[in-house]
Amino acid sequence: SLSTRHCPWKMNQLPPKSPVASPVSESTNSRGEALDNLSMDSFWLEVENIKQSSEAEQEECSLADVKTQEEGEAEAEWLQDAGLSELLGDAGSDKDNLVLLSTLTRTQAAAVQRRLDTYSRSRRRRNKHPVRDVRDIFGVAASEDTAAEKEESSPDPLWHNLRTSNTQRKTQDYSCTVRNPGKEEVFNMDVAYSEQAAVLLKGSFLSESRKLKDGNALTRFKIPKGRLGVTRIGDLSAQDMKKIPTLALIELTALCDILGFELKRNKAAKLKTTEKRLFGVPLNTLLENDQKLLPNTKVPLLLQALLSCLEKRGLETEGILRVSGSQTRIKSLEQKLERDFYSGLFCWDEVHQNDVSGLLKRFIRELPAPLLTAEYLPAFAAVQNIPDLKQRLQALNLLILILPESNRNTLKALLEFLSKVVARENNNKMNLWNVSTVMAPNLFMHKGLPSKIPEGKEKQLAEGAADVVRMMIHYQDLLWTVSSFLVAQVRKLNESNNKRYQFCDKRIKNLLRKIHADKDKVEKNQGEPSKVVKVHASLLLKDSLEVHLNNATRVADVLRQFQKNLCQNGWNIVNTVNLLKCNNSTECTNLLLYEVGGNIGEHCLDPDTYLLDLYHINPHAEWIIKQNPSYPRMF
């Protein structure tokens, strides 16, 4: 289960070395067979290096040990983190958060109901102030009965599936890690993952066994582009992205419920202060200091410098990341960086590349809180326990969306660099598995977290952690995508907030009864096959651009039309050439079309978005052409 017993391990609890990988799990023999021939030497060597570098520094744990929570406490925290604290009866909570309930799918609503039900029973046992009755909120069978009575009385078969999914897992033949190695499969992001899992639960999983020989054999997944295109992390405004983590947490919990895994999170602990300015400094503190020098910095400047140095001179170095630099030199370099980095006096040219890679790993390892966060590190580590590859990726996608923005941006910068290392495998002899086994200890081992590892499970957890890192490197483009069903839920939240609903029990009940009828469907206005809209480009043109939309009009077409108008209007030839570079390819242009307002804050649109469909979903939005912020400004 996804619980604290799978917490990452402490350094002194790992065996020094294991020359051959052992099966990951008895229940996933195909994965074990696939990993049998993949050496774990790099993993154990990295563990030894970490132990040696930390033996001379007997520091106290930077995080408090996780305490056992009382019954109902975990559920209360979950409801608060999911934006549903109003259901706990807190007088000071924001009632507008209840708007969230109106966006939930069937499986998501069931996940909320189960946790509120558990919390309610625990409160009654402790004779505390009664909380909101589940019946008042969801309009379903009573929650006052025992779980067994609930199962017998509920007419909803979904509840039975949730209650019995653990038992079914023991006999269900799940699909193996690699179902079609080297082939391409569809990765559906239009339907909630938990809803997809519920459908599969009623049927049967694939049972074909395949061996995984190398990274190239990993299944390739393709996200099918619907009429509304694909949304990447970064395409949504900060205001809308703030809504994503709560929605992703609810969806992840619902997915785990369907799969029969218990999602337990570590409790956040207070970080200890440090006098250092770079190493061992909280990520947010680093970014706050960096933003005073360079506004809008999203990744720590030190990490950017380390990665830049390695990209310039280290990608071709044989054994980069794996071959350890001198611990004495690394410690000396750390002290020089603390003293000279921000003054610009530190010289990178004479630093050995293996020492730079040692500094990189030390920076990640010395963060007071793990890069994957103390709260969710156990869940990342336990993703390995989900037998199906596609569902493991679904869980990882949701976990990455849950991460704080600073952690997510920093992780992405690291993974992009690791991909570049793998791409130079022929020269540096570091393939995907080598890189994963070296980086896994640095991401999953943290001296400030408790270790509750079943005896004899060290190798299994080590291989699982390396496999999770491998998935994050190989599938990072997929994992940094915001699912269409989550974007649709954000739109619903914005619409409901704009209407300023004033909730009471009866209205919540009536609202949630409409969950199944109120699906995320594109309104097809048969009487309006075309539409004339205005597209603004105030930074480039004084007048708006009139665009005639039909069922075939895409964002790419509008950008091409805009470029054509620029040429016809006799714009400065230098600017026109810049706009039309890359042989008029819209994909290469430095212009983007944004959807602004209505039921969205700001949304950078996929070039393949069909605009008439988008107009029907958000008729009150403005469409604005802007320069790509990643390009240098032309004007």
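In the nomenclature of an unreviewed UniProt entry, the protein corresponds to RHG40 protein from the organism Brachypodius melanocephalos. Database annotation for the protein, UniProt heading Function (unreviewed entry): "GTPase activator for the Rho-type GTPases by converting them to an inactive GDP-bound state."

Participant: Got a minute to help me understand the confidence of the model for the protein in this structure?
Facilitator: Do not read the predicted coordinates in detail wherever pLDDT is low. Predicted confidence across the protein gives a mean pLDDT of 76, with 66% of residues reaching 70 or more. Within the model, the stretch residues 206-216 combines pLDDT values under 50 with 30 contacts to residues more than four positions away or in other chains. A low-confidence stretch, residues 519-527 (pLDDT under 50), is modelled with 10 contacts involving residues beyond four sequence positions or located in other chains.

Participant: Explain helix H12 (residues 301-313) to me, please; I cannot follow it from the model alone.
Facilitator: In an α-helix, one turn spans 3.6 residues; hence positions three or four apart end up facing the same way. Over its 13 residues, H12 runs 18 Å from end to end, which matches the ideal 18 Å to within 8%, given 1.5 Å per residue. Residues Leu 301, Leu 302, Leu 303, Ala 305, Leu 306, Leu 307, Cys 309 and Leu 310 constitute the buried set of H12. Along its buried surface, H12 packs onto helix H11 (283-293), helix H13 (327-340), helix H14 (353-365) and helix H17 (405-423).

Participant: Where do I start with helix H16 (residues 389-402) in this structure?
Facilitator: End to end, H16 covers 20 Å across 14 residues, agreeing with the expected 20 Å (1.5 Å per residue, within 8%). When you tally the buried positions in H16, you get 14 out of 14 residues, the bulk of the element. Two or three places before Lys 390, at the start of H16, stands the capping residue Asp 388, its side-chain oxygen 3.3 Å from that residue's backbone nitrogen.

Participant: Before we go on, may I ask you to explain the packing of aromatic side chains in this structure?
Facilitator: By the definition in use, this model includes eight aromatic pairs. Considering the side-chain rings of Phe 187 and Tyr 193, the 6.0 Å spacing of their centres and the 75° angle between planes classify their relative orientation as edge-to-face. Accessibility classification places Phe 187 together with Tyr 193 in one group, the buried group. Relative to Phe 221, the ring of Phe 187 has its centre 5.7 Å away and its plane inclined at 75°; by these criteria the two rings are edge-to-face. Here Phe 187, found in the loop between strand S1 (184-186) and helix H8 (193-202), pairs with Phe 221, found in strand S2 (residues 220-222); they are 34 residues apart in sequence, far enough to count as distant. Assessed through its relative accessible area of 13%, Phe 221 is described here as buried. Site record: aromatic cluster; members linked through ring pairs are Phe 187, Tyr 193, Phe 221, Tyr 475 and Phe 485. Here Arg 115 stacks its cationic end above the ring of Trp 78, 5.5 Å away from the centre of that ring.

Participant: Looking at this structure, how should I read the side chain of Asp 340?
Facilitator: For Asp 340, the position within the fold is in helix H13. Apart from the residues lying within four places of it in its own chain, the contact partners of Asp 340 are Leu 345 and Phe 346.

Participant: Can you walk me through unusual backbone geometry in this structure?
Facilitator: For residues that are not glycine, phi is negative in most cases, and the peptide bond is trans in most cases. Backbone geometry at Asn 296 places phi at a positive 70°, although glycine is not the residue there. Summarising the element assignment, Asn 296 is placed in the loop between H11 and H12. In this structure Asn 296 comes out as exposed when scored by relative accessible area, which is 69%. You will see that Thr 373, though not glycine, has its phi angle at about 75°, which is positive. By the element assignment, Thr 373 lies in the loop between H14 and helix H15 (377-382).

The rules behind the values
Residues numbered from 1 in each chain as written. Predicted model: local features only at pLDDT ≥ 70, side-chain atom pairs only at ≥ 80, totals over all residues. Heavy atoms only, no water. UniProt positions renumbered as here; feature names shortened; annotations may be inferred. pLDDT = per-residue confidence, 0-100. Contact = heavy atoms within 4.5 Å. Helix = DSSP H or I, 4+ residues; strand = E, 2+ residues; numbered from the N terminus. Expected span 1.5 Å × (residues − 1). Buried < 20%, exposed > 50% of the residue type's maximum accessible area, 1.4 Å probe, protein only. Polar contact = N/O pair within 3.5 Å; in protein donor to acceptor, adjacent residues only side chain to side chain. Phe/Tyr/Trp six-rings, centres within 6.5 Å; stacked < 30°, edge-to-face > 60°. Lys NZ or Arg CZ within 6 Å of the ring centre and 35° of its normal.

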